[in-house]
Amino acid sequence: MQKIKSLMTRQGLKSPPENLSDLGAIESLRVPGKEEFRELREQPSDPQAEQELINSIEQVYFSTDSFDIVKYELEKLPPILNLQELEEYRDKLKQQQAAVSKKVADLILEKQPAYVKELERVTSLQTGLQLAAVICTNGRRHLNIAKEGFTQASLGLLANQRKRQLLIGLLKSLRTIKTLQRTDVRLSEMLEEEDYPGAIQLCLECQKAASTFKHYSCISELNSKLQDTLEQIEEQLDVALSKICKNFDINHYTKVQQAYRLLGKTQHVTPDSYIPCLADLCKALWEVMLSYYRTMEWHEKHDNEDTTSAAEGSNMGTEETNFDRGYIKKKLEHGLTRIWQDVQLKVKTYLLGTDLSIFKYDDFIFVLDIISRLMQVGEEFCGSKSEVLQESIRKQSVNYFKNYHRTRLDELRMFLENETWELCPVKSNFSILQLHEFKFMEQSRSPSVSPSKQPASTSSKTVTLFEQYCSDGNPFEIQANHKDEETEDVLASNGYESDEQEKSAYQEYDSDSDVPEELKRDYVDEQTGDAPVKSVSRETLKSRKKSDYSLNKVNAPILTNTTLNVIRLVGKYMQMMNILKPIAFDVIHFMSQLFDYYLYAIYTFFGRNDSLESTGLGLSSSRLRTTLNRIQESLIDMEVSADPTATLTAAEERKEKVPSPHLSHLVVLTSGDTLYGLAERVVATESLVFLAEQFEFLQPHLDAVMPAVKKPFLQQFYSQTVSTASELRKPIYWIVAGKAIDYEQMLLLMANVKWDVKEIMSQHNIYVDALLKEFEQFNRRLNEVSKRVRIPLPVSNILWEHCIRLANRTIVEGYANVKKCSNEGRALMQLDFQQFLMKLEKLTDIRPIPDKEFVETYIKAYYLTENDMERWIKEHRQEYSTKQLTNLVNVCLGSHINKKARQKLLAAIDDIDRPKR
């Protein structure tokens, strides 16, 4: 387009208009017609000559539009005109014009489609602008009509109406403020009339209204004035209530109760002031009983003095004096029980007046502390067992503890589902007695210590509370800091208690060094739990490093944060049980549920495998299976959602159950590099074993407070549940052992071995080396895992035992797949197995090798005669599968067992197997 403008400029034509006002110029622009374009383009032309003509045009012709061509050419004419020269010059100009015209025509033809399209767009734009102008004109006309006919008048009315509404609201507010200012007069009148409910209702309404108009400066001080008035009303209520004690009036007492109800103080004791008020009540009752006790003590002392004086002097009046003393003594003794009954009744009324479930656990324990101390006072005061108080507090305690326990079970499920089974680093000398929750088991009873922190046992000579506080003090003084100020020191840094300990933990012990006694004790305790038959040598302990990977770290207890939380809960439960022994059975039952749920979670996360029982190895004992079934039936809620058609009894039973926990997605148990989560499995399983050990430690304390009729429950819990914790090791670590070694690859390698050889071989088969490499790789992975978590000796022994047992059974299965075998082939089997045993004994110190006889017996059975074979099959039917026994008979056919004997032996195998089909 720019080229066209330039060429038009050269010809003296105007360029296209720059704005819409020049549209007329565009329309008047003469566009060469098609015929003209055709004539120009059909003329013979030489592009180079035409370009030279264009280049020969003077530069002045390319100037602005104001350039006058005619004037310029006339001025160029010479004074004397020559017609021939003029014609030649004219022809030159025509040639230049023709070249330019042709160039312009070419360019126009080239750009004509775009030009036409642009012209159409401009024309459409012009039409749209004209339509927009019409719309705007009509809009302005209608707006003008609306302004004149509606807006000015109507909006003016609306504005006036709004002002009117605002003024009405202001007038209403002013009237309310005026009423509020006169409220104190009406309140005084209502108080004089003893209309306490009305006065309180009016005062509360005024407070609400004052808060609404607090943005007015005249109301700023009204709120404080109303609050003072409300407090004054409450004081007058107390006075009015005291009058009831002397002269009861139904209407008067009804108004007082309604007034207290409006104040929200029907109980008169808030939760924050409940414990101080209870302590003050007990202190006041203690003072009454102490005074009575000292009165009896005075009479006893002076009666003894009078008796001594009478014995030294005259006997006159002795009978009368003795009668008086006896009468006073009986009166005083009778008063003991009566006073204590009144004390129990007052405290019981106080307890029943408040729902103790609103208190936190520590506050609730402190309330029990006070009541327990009061019951001790009653027993020392008159020998009473405090049945009234016991029954009252027992019901509230059981209800409180049931709700508390349900919440703790839900929290335990949350902890277990978010647990990543990382080791919680505690010191090697960690003991649960170091935790705050178990301090009550060690501290001695003293006046400065809260009763909840005191043990059940006392010294040989018991000092009663009346003797202890006879002259000074009060057993119900609330300690300012009744919680232990001592901080716990149970955690270790990175699993080590010092840098020296960490350094020494990785030292190697050679045969010439002294073996620490701690390692000897650890070896004995973890291996058998009993004293060894003979002393353990350095070589034995050195070889122990092949299986016991616990030497890599300090032998601190293996537990998790969740385990520690469960132990703390057990401590809290025992605090309550120690304070209130009548609910001991309920508490121990709930404690057992904590252990049950933890055990069930470990089994669900790491030990559940339906294929285990099909192996026939009896990994899960019948006692363990019974325990898990009992827990699932009694504690685990297996339903996803509640059934709306379920009975009320079923719904109540479900409330007592907890949903089955789910393993955190952060715990990966499928990676072979980590031995299928062995570190997490060790931490989880051994933390359960540690928890069981703590329950064993606490058994004497639980047995001491358990009612005699409930002791069978405790014994059953320990014998059938706690003692089964270590049995979970077998199924949990079996899963690792079953995946750690490639047993299927070994079967494939054994299938490629030729067993019907004709000569005795001196070299074992390659499947033995492949299997040993698998065990070496397994050993290296165990070492890697032990850098994260200490692997105790029982754990490493179980892992090695499982792997060896599976390997030996795989070897037998491989031998049972043999189609043809010679005597030399059986000798080769023995060679292979002996080579495997020899190399395996260098990797582990487990003795004897598990299932060694299982393999050797199967190999040797090949050489048995017909009768011996039949007897051998009956004796070992439970050990070997039908396939293994059948293959043994078939392979022996032709060597020393004929076809008839073979049929007989196969029939014997079938007869033995038939009852189980």
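Residues numbered from 1 in each chain as written. Predicted model: local features only at pLDDT ≥ 70, side-chain atom pairs only at ≥ 80, totals over all residues. Heavy atoms only, no water.

J.: Break down the side chain of Ser687 for me, with residues and values.
T.: Turning to its location among the elements, Ser687 is positioned in helix 23 (residues 678-705). Judged by its relative accessible area of 0%, Ser687 is buried. Separated by 2.9 Å, the side chains of Ser687 and Tyr598 make a polar contact. Of the polar contacts made by the side chain of Ser687, one reaches the backbone oxygen of Ala684; its length is 2.6 Å. Filtering out sequence-adjacent residues up to four positions away, Ser687 remains in contact with Trp421, Ile558, Leu559, Thr560, Thr563, Tyr598 and Val682. (Helix = DSSP H or I, 4+ residues; strand = E, 2+ residues; numbered from the N terminus. Buried < 20%, exposed > 50% of the residue type's maximum accessible area, 1.4 Å probe, protein only. Polar contact = N/O pair within 3.5 Å; in protein donor to acceptor, adjacent residues only side chain to side chain. Contact = heavy atoms within 4.5 Å.)

J.: Give me the packing of helix 20 (residues 584-607) against helix 24 (residues 711-720): which residues, what numbers.
T.: With their axes 11 Å apart at the nearest point, helix 20 and helix 24 run at an angle of 15 degrees to one another. If you check the angle between helix 20 and helix 24, you find them roughly parallel. The element helix 20 and its partner helix 24 pack so that their crossing is left-handed. For the pair helix 20 and helix 24, contact is made by Phe585, Ile588, His589, Ser592, Phe595 and Asp596 and by Phe713, Leu714 and Phe717, respectively. (Axes fitted to C-alpha atoms, helices over the stretch in contact; angles between N-to-C directions. Parallel < 35°, antiparallel > 145°, perpendicular 65-115°, else oblique. Left-handed = near helix turned anticlockwise from the far one by under 90°.)

J.: Got a sec to walk through the pattern of salt bridges? Specific residues and values, please.
T.: Side chains bearing opposite charge may pair, as long as their charged atoms lie close to each other. Counted according to the given criterion, the structure contains 21 salt bridges. Residues Arg568 and Glu437 are paired through a salt bridge, measuring 3.1 Å at the closest nitrogen-oxygen approach. Here the residue Arg568 occupies a position in helix 19 (residues 561-579), and Glu437 occupies one in the loop between helix 14 (387-418) and helix 15 (465-468), the gap between them amounting to 131 residues. For Glu437, a relative accessible area of 12% puts it in the buried group. Among the salt bridges present, the one from Arg788 reaches Glu680, with a minimum N-O distance of 3.4 Å. (Salt bridge = Lys/Arg side-chain N within 4 Å of Asp/Glu carboxyl O.)

J.: How would you explain a nonpolar patch on the surface if you had to name every residue and give the values?
T.: A surface patch of nonpolar side chains, about 380 Å² in accessible area, is lined by Val70, Leu74, Leu77 and Leu81. Positionally, Val70 belongs in helix 5 (residues 69-76). The class of Val70 is exposed, set by a relative accessible area of 56%. (Patch = residues over 30% accessible without salt bridge, like charges linked within 9 Å, V, L, I, M, F, W, Y side chains within 5 Å. Areas by Shrake-Rupley, 256 points an atom, 1.4 Å probe, with all protein chains shown as cover.)

J.: I'd like a description of a negative patch on the surface, backed by residues and values.
T.: A cluster of like negative charges, contributed by Asp228, Glu231, Glu235 and Asp238, occupies part of the molecular surface. In this structure, Asp228 sits in helix 9 (residues 222-244). (Lys, Arg positive; Asp, Glu negative; His and termini not counted. Charge placed at Lys NZ, Arg CZ, Asp CG, Glu CD.)

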